[in-house]
Structure formats: structure tokens, C-alpha cells
Amino acid sequence: MKILKSILNYIPLATFIIFVVTDGIFSLTSALIFVISTIGLLIGKEKTEMKN
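Residues numbered from 1 in each chain as written. Predicted model: local features only at pLDDT ≥ 70, side-chain atom pairs only at ≥ 80, totals over all residues. Heavy atoms only, no water.

What about the overall build of the chain?
The line we're drawing: Numbering goes from the N terminus for both helices and strands, where a helix is a DSSP run of H or I of at least four residues and a strand is a run of E of at least two. Computation of the radius of gyration draws on C-alpha atoms alone. For the globule rule, the value is 2.2 Å times the number of residues to the power 0.38. For every residue, the accessible area (1.4 Å probe, protein chains only) is compared with the maximum for its type, and the residue is labelled buried under 20%, exposed over 50%, or partly exposed between those bounds. Only the protein chains shown count as covering a residue, and every accessible area follows the Shrake-Rupley method with a 1.4 Å probe.
Helix and strand counts for the chain come out as one helix and zero strands. Taking 2.2 N^0.38 as the reference for a compact globule, 52 residues should give roughly 10 Å; the C-alpha atoms of the chain span a radius of gyration of 23 Å, well beyond that estimate. With respect to the three principal axes, the spread of C-alpha positions in the chain is 75 × 10 × 5 Å. By the burial criterion, 0% of the 52 residues in the chain qualify as buried. Of the roughly 5100 Å² of accessible surface on the chain, 77% is carried by carbon and sulfur atoms.

Spelled out as C-alpha cells, the structure:
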């Protein structure tokens, strides 16, 4: 019973850590996708300007 109580005490901390880590990963991936798409758009613009 003592072990169960100590585990229950750590659940909020564990969920907080998991949330922060997953949130950080999602933020990184979305930032990377944004940067890659921006670079892609810039390259696409340069190619169309060269054709004209």
C-alpha cells in the first residue's frame, strides 16, 4: 500500500514531464516543417522568376 501511495504522488509529476517533452517535440517538428516549407516556397519563387 505504501508503494502505491508513493506512485500516486509521482503521477502528476510524470504526466507533467511527459506533456512538456511531447509538447517540445511537437513544437520542434512544427517549426522544422515551417522552415522547410518556407525554404521550398522561396526556391519555387526563384525558379519561376528565372523562367520569366
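Here we look at the environment of Val21
By the element assignment, Val21 lies in helix H1 (residues 2-51). Linking Val21 and Ile36, residues 15 residues apart in sequence, is a C-alpha distance of 22 Å.

Points about H1
Three or four residues apart is the spacing at which side chains of an α-helix point the same way, because the helix has 3.6 residues per turn. Rule in force here: What a helix is expected to span follows from its residue count: subtract one and scale by 1.5 Å. Consider a residue and the seven residues that end there alongside the seven that start there; fitting an axis to each set, the bend is the angle between those axes.
Here H1 spans 74 Å end to end across 50 residues, near enough to the 74 Å set by a 1.5 Å rise per residue. Within H1, the axis deviates most sharply at Ile11, by approximately 35 degrees, and proline Pro12 lies no more than four positions further along.

Re a nonpolar patch on the surface
Stated formally: Two distance rules govern patches: like charges are joined within 9 Å, and nonpolar side chains (Val, Leu, Ile, Met, Phe, Trp, Tyr) within 5 Å, applied only to residues with over 30% relative accessible area and no salt bridge. Should a side-chain nitrogen of Lys or Arg be within 4 Å of a carboxyl oxygen of Asp or Glu, the pair is scored as a salt bridge.
Where nonpolar side chains cluster on the molecular surface, the patch consists of Tyr10, Leu13, Phe16, Ile17, Phe19, Val20, Val21 and Ile25 and spans about 830 Å² of accessible area. By secondary structure assignment, the location of Tyr10 is in helix H1.

Read these as geometric descriptors, not functional statements.
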